[in-house]
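Next come the chains, spelled out residue by residue.
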Amino acid sequence: MLDWFRRIRKVSQKLTLPSRDASSGRSQVQLNPSKLTPSAEIYLGQLSYLALVTAEILEKDSILAPTASMRQKQLKVAELYRERHRELTTMISKLGPSAIDLEDQYASRIDELFNRTSGVGWHESMMRLYVVIGILEHSAKSVGKGLSSARRGKVDDLLKSNALMVFTSTSLKSEIERIPEIAGRLAMYGRSLVADVLLEVRHSVSLTAVLTEVPAERVAKARAEFKVLEPFTSELIAAHTVRMDELGLTA
């Protein structure tokens, strides 16, 4: 239990998240996510590597699934992400750079995210995917609006599948009904992931069009970045809260 509180204290030092009832005190200014879109190479490279990591986690942890049926469904979702990765690398190859070279630029950062957020056992593995991929794919869908119309259409087609969210939600709800005592632990674990995921959101977008003055000092720079991103991250948190409510857990 102490590890849980250490993790929460650690992430809270990085980023203070708004509460569910704090919207009245925040700026209501909207932020057009198309202003956050990085270059196509960066966008596709990040999304491609994220799909690869998701497939690998699903495959690796399928052996821990509570039932053979869940394991087979999990492997089917993993194959969908393998196929997504293949299609994204094809898109990247048309841009010129090697897909492997592009992915390598973001591999260490994304790997570090998953290393920091790793849990224990199958239930926490599925909760991690539900929270981390749920937020990152929501971000990617929104930020993808700044891509060219042709690329945006292809990316929208790839991201429209909700198979991972459906599988993790259905499976976790079933397991919470079967083992009610895991609900509190999973809720706490889910909350401990959010700050790290929002840090990755910050790294994955471009702030060039929305941040005119960049402070030189590191902490001041981070505060300025998250301040300008707040309307966008607030939307991500709101959607995350809805997903947690669907599990019967508090975000």
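Residues numbered from 1 in each chain as written. Predicted model: local features only at pLDDT ≥ 70, side-chain atom pairs only at ≥ 80, totals over all residues. Heavy atoms only, no water.

## Re the environment of E246
So, step 1. Residue position: E246 is located in helix 9 (residues 218-246).
So, step 2. Residue E246 is classed as partly exposed on the basis of its relative accessible area, which comes to 46%.
So, step 3. On a C-alpha basis, the gap between E246 and K173 in space is 8.5 Å, while along the polypeptide they are 73 residues apart.
So, step 4. Ignoring sequence-local partners within four residues, the contact set of E246 consists of Y130 and K173. (Helix = DSSP H or I, 4+ residues; strand = E, 2+ residues; numbered from the N terminus. Buried < 20%, exposed > 50% of the residue type's maximum accessible area, 1.4 Å probe, protein only. Contact = heavy atoms within 4.5 Å.)

## What to know about the pattern of salt bridges
So, step 1. One pass over the structure, following the stated rule, counts 13 salt bridges.
So, step 2. Taking the shortest distance from any N to any O, the salt bridge between R86 and E83 comes out at 2.9 Å. Here E83 and R86 lie together in helix 3 (residues 68-93), a separation of three residues that amounts to about one turn.
So, step 3. Taking relative accessible area as the criterion, E83 reaches 32% and is therefore assigned partly exposed. (Salt bridge = Lys/Arg side-chain N within 4 Å of Asp/Glu carboxyl O.)

## Considering helix 7 (residues 163-178)
So, step 1. Counted at 1.5 Å a residue, the expected span for helix 7 with its 16 residues is 22 Å, and the 22 Å between its end C-alpha atoms agrees.
So, step 2. Taken together, the buried residues of helix 7 touch helix 2 (40-61), helix 3, helix 5 (121-143), helix 8 (182-204) and helix 9. (Expected span 1.5 Å × (residues − 1).)

## Here we look at the environment of V205
So, step 1. The residue V205 is located in the loop between helix 8 and helix 9 in this model.
So, step 2. Residues V205 and S39, 166 residues apart in the sequence, show an inter-C-alpha distance of 9.4 Å.
So, step 3. If near-sequence neighbours (up to four positions away) are discounted, V205 is found in contact with L36, V143 and L229.

## Some details on the nonpolar core
So, step 1. Membership of the largest hydrophobic core comes to 72 residues, with the highest contact counts inside it found for L36, Y43, F114, M127, I133 and L249.
So, step 2. Looking at this core, the elements that each hand over two or more residues are helix 2, helix 3, helix 4 (99-116), helix 5, helix 6 (149-159), helix 7, helix 8 and helix 9.
So, step 3. If we skip the residues at most four places from it in the chain, Y43 touches P38, A140, K141, V143, G144, L147, V155 and L159. (Core = buried A, V, L, I, M, F, W, Y, C linked by side-chain atoms within 4.5 Å.)

## Overview of the side chain of S192
So, step 1. With respect to the helices, strands and loops of the structure, S192 is situated in helix 8.
So, step 2. Only 2.7 Å separates the side chain of S192 from the backbone oxygen of Y189, close enough to count as a polar contact. (Polar contact = N/O pair within 3.5 Å; in protein donor to acceptor, adjacent residues only side chain to side chain.)

## A word on the packing of aromatic side chains
So, step 1. One pass over the full model with this rule turns up zero aromatic pairs.
So, step 2. When the ring centre of Y81 is taken as reference, the NZ or CZ atom of R84 above it lies at 4.5 Å. (Phe/Tyr/Trp six-rings, centres within 6.5 Å; stacked < 30°, edge-to-face > 60°. Lys NZ or Arg CZ within 6 Å of the ring centre and 35° of its normal.)

## With respect to the packing of helix 2 against helix 6
So, step 1. With their axes 13 Å apart at the nearest point, helix 2 and helix 6 run at an angle of 15 degrees to one another. By the angle class used here, helix 2 and helix 6 are roughly parallel. Considering only the axes of helix 2 and helix 6, their crossing is left-handed. Of the residues in helix 6, those in contact with A40, Y43, L44 and L47 of helix 2 are R151, V155 and L159.
So, step 2. Here the residues of the contact of helix 2 with helix 6 sort into six nonpolar, no polar and one charged. (Axes fitted to C-alpha atoms, helices over the stretch in contact; angles between N-to-C directions. Parallel < 35°, antiparallel > 145°, perpendicular 65-115°, else oblique. Left-handed = near helix turned anticlockwise from the far one by under 90°. Nonpolar A, V, L, I, M, F, W, Y, C, P; charged D, E, K, R; others polar.)

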